[in-house]
Amino acid sequence: ILGVPPPPPRRLMAAGSRPTLAVIGAGVAGCALVAELRRLGWSGPISLWETGRGPGGRAGTRRSRRDPALAIDHGSPLLNIRAPTTNTPPALLTPLLERGWLEPWQGVIAGFDGQERLRMDQPNRFTEGLLLRGRGGMDQLCEGLLSMAGDAITCHYNTPVRHLQPLTGGGWRLADQNETVLAEVDWLVLASTLLAHPRSLRTLGWQAVPLRAAADQLRDPQLDHGLAVVAAIRSEARSNLLLVCSDEAGRAWRRLPFRLLELDPQARQRWGLSRLVIQPLEDGRCAVVAHSTTLFAEEHLEVFGSKSAVALQFARTAPRGLEARVIAALRAALASAMGSRIDPGRLAACDQKLMRWGAAFPVAPGLPSELMLCATSRVGFCGDFVSGAGFGRIEGALRSAEGLAPRLLEVMERAGE
């Protein structure tokens, strides 16, 4: 499918006492980083820390122990590779495809305008190029990456890191919201911007940005520069309505001639929706995910979704009744946009939940690649917020991890000599 074989990995091995590494964030970038480190031959201890119940982040799949047939891709429904002909695809894609973790996306993608007209030829930056999806759910992308990393990765799910403390002589102490020490490591990589971006002050009510507060003790100009750039990155939020429909409502969704609907600017302005994803389930039900516009999400930033990891781990609850009103507003917008295609009465009877992504899509230019690694402070960054090919998409998360891994190995080797 890819056509171009990945270059052979350059083998680098840890020296001396094998430094320890903590990666915060088990989204695509964090999982890709540990997979690439292992692919390059690193055998040192790695711990992966994640607030959510499992890997995936915005490429995750909502599942239920009580409902085995339920699997909803509540963020990204697919990944696309738009690399120019001068660039090779991310090297990690080949083993993921060969081992069956990824498969080609086969669904129909349509556009939708403000006059309720479907257009079947409206690609955009998220639907151009090579289209892939996780086999059985988008979370299989990260599950596959972690399988490539092997058993030597220690994963800590449902474990938010809240405080970062530099250690005397180098290294980092990680602590939770109660300041209970979680780990002490030699090197630290942030695979998301939550602990480095001031949005945490607004959305989570924190008094200080964790990495910024720690950096004040280090006085590392490169880290200060990187944090200033990260703080200036603007990200678009999304509020996603998750519906699980059965009976006639589910059959009506299945009969529609698309599986992914992208709304054009006029349609987004009219209904406050940006994307619609239809996911038929194996037991006959149908899951539907309606993505809001940035404007709608920004107006409701205090509403995370009562079942979301952030709400549960950081005890963030919306004012009484507000979550229900947000769900009702998104459901009404969806019913209006679909018109006669879907019965609004049956739509209201579907199981309904809310998921809010506070930093769904970073806005260019992002973090320059030369600021991804601050060797003096032993801090690295990777994610779709790093500038370059694939910026703002899963492709960018993969490429940033593949770009950071060899540089990180080199400086860790030098430090261990």
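Treat the numbers as computed from the prediction; the structure is a model and nothing was measured.

**Q** Just to check I follow, could you spell out the environment of L92 for this structure?
**A** Along the chain, L92 falls in the loop between strand 5 (79-81) and helix 2 (93-98). Sequence-distant contacts of L92, that is, excluding residues within four places in its chain, are made with A32, A35, E36, R39, L145, M148 and E402.

**Q** Help me understand the sheet that holds strand 17 (residues 273-280), please; the structure alone is not making it clear to me.
**A** The strands making up a sheet associate through backbone hydrogen bonding, with each pair oriented either parallel or antiparallel. Read across the sheet, 7 strands follow the order 8-7-16-17-18-15-19 without closing on themselves; strand pairing throughout is mixed. Two strands in the sheet have a free side with no partner beyond their single neighbour: strand 8 (118-119) and strand 19 (351-362). Of the pairings in the sheet, the one linking strand 16 (residues 260-263) to strand 17 comprises 3 bridges and is antiparallel in character. Bridge pairing in strand 17 links L260 to V277. Of the strands in this sheet, strand 15 (235-245), strand 17 and strand 18 (286-292) are in contact with helix 7 (residues 247-255), which crosses strand 18 at around 70°. Against the sheet, helix 11 (residues 322-338) makes contact with strand 7 (109-112), strand 15, strand 16, strand 17, strand 18 and strand 19, and its axis sits at roughly 90° relative to strand 19, the strand it touches most.

**Q** What am I meant to see in the packing of helix 1 (residues 28-39) against helix 3 (residues 139-149) here?
**A** Helix packing for two helices is described by the angle between their axes and how far apart those axes are. Between helix 1 and helix 3, the least distance of the axes is 8 Å, while the angle of their chain directions is 25°. When the interaxial angle is binned, helix 1 and helix 3 end up roughly parallel. Between helix 1 and helix 3 the crossing geometry is left-handed. Touching V28, C31, A32, V34, A35 and R38 of helix 1 are L141, C142, L145, L146, M148 and A149, all from helix 3. The residue makeup of the contact of helix 1 with helix 3, split by class, is 11 nonpolar, no polar and 1 charged.

**Q** What is the right way to look at the sheet that holds strand 12 (residues 172-175) in this model?
**A** Overall, antiparallel pairing links the 3 strands, which are arranged 11-12-13 in an open sheet. Two strands close off the open sheet at either side, each with one partner strand: strand 11 (163-166) and strand 13 (181-185). Each neighbouring strand pair of the sheet contributes to a mean axis angle of 20°, computed without reference to strand direction.

**Q** What am I meant to see in the state of the cysteines here?
**A** Disulfides are covalent bonds that connect the sulfur atoms of two cysteines. All told, the structure shown has 1 disulfide when counted by the stated rule. Here C245 connects covalently by a disulfide to C350, the sulfurs 2.3 Å from one another. Here the S-S torsion is close to 115°, and the disulfide linking C245 with C350 is therefore right-handed. Placement of C245 in strand 15 and of C350 in the loop between helix 12 (344-348) and strand 19 is noted, with a sequence separation of 105 residues between them. For C245, a relative accessible area of 0% gives the class buried.

**Q** Got a minute to help me understand the nonpolar core in this structure?
**A** Generally speaking, a soluble globular protein has its nonpolar side chains buried in company with each other. Counting residues in hydrophobic clusters, the biggest one holds 80 residues, and the most contacted among them are L145, L174, L211 and F381. It is helix 13 (residues 394-416) that provides the largest number of residues to this core, a total of 10 residues. Excluding anything up to four places from it in sequence, L145 contacts V28, C31, A32, A35, L92, L96 and L398. Of all hydrophobic cores here, the second largest spans 35 residues; its members include A249, A337, C350 and L354.

**Q** Sorry, what's going on with unusual backbone geometry here?
**A** Backbone phi values are negative for most residues with the exception of glycine, while trans is the configuration of most peptide bonds. With omega at 20°, the peptide bond leading from A364 into P365 counts as cis. Residue placement: P365 occurs in the loop between strand 19 and strand 20 (373-374). Phi is positive for D247, which is not a glycine, with a value near 55°. Residue placement: D247 occurs in helix 7.

**Q** I tried to follow the packing of aromatic side chains on my own but got confused; where do I start?
**A** Describing an aromatic ring pair means giving the distance of the ring centres and the angle of the ring planes. Across all of its chains, the model carries 2 aromatic pairs by this definition. Ring geometry for F112 versus W271: centroids 5.6 Å apart, planes at 25°, classification stacked. Taken together, the residues F112 in strand 7 and W271 in helix 8 (residues 265-271) connect sequence positions 159 residues apart. Exposure class is identical for F112 and W271. Each is buried. When the ring of F126 is compared with that of F361, the centres are 5.0 Å apart and the planes differ by 55°; the resulting orientation is tilted. With F126 in the loop between strand 8 and strand 9 (130-134) and F361 in strand 19, this pair connects stretches of sequence that are 235 residues apart. The ring centre of W206 lies 4.0 Å from the NZ or CZ of R162, which sits over that ring. Taking the ring centre of F126 as reference, the NZ or CZ of R275 above it sits at 5.6 Å.

Conventions adopted
- Residues numbered from 1 in each chain as written.
- Predicted model: local features only at pLDDT ≥ 70, side-chain atom pairs only at ≥ 80, totals over all residues.
- Heavy atoms only, no water.
- Helix = DSSP H or I, 4+ residues; strand = E, 2+ residues; numbered from the N terminus.
- Contact = heavy atoms within 4.5 Å.
- Pairing = 2+ DSSP bridges.
- Axes fitted to C-alpha atoms, helices over the stretch in contact; angles between N-to-C directions.
- Parallel < 35°, antiparallel > 145°, perpendicular 65-115°, else oblique.
- Left-handed = near helix turned anticlockwise from the far one by under 90°.
- Nonpolar A, V, L, I, M, F, W, Y, C, P; charged D, E, K, R; others polar.
- Disulfide = S-S within 2.5 Å.
- Buried < 20%, exposed > 50% of the residue type's maximum accessible area, 1.4 Å probe, protein only.
- Core = buried A, V, L, I, M, F, W, Y, C linked by side-chain atoms within 4.5 Å.
- Phe/Tyr/Trp six-rings, centres within 6.5 Å; stacked < 30°, edge-to-face > 60°.
- Lys NZ or Arg CZ within 6 Å of the ring centre and 35° of its normal.

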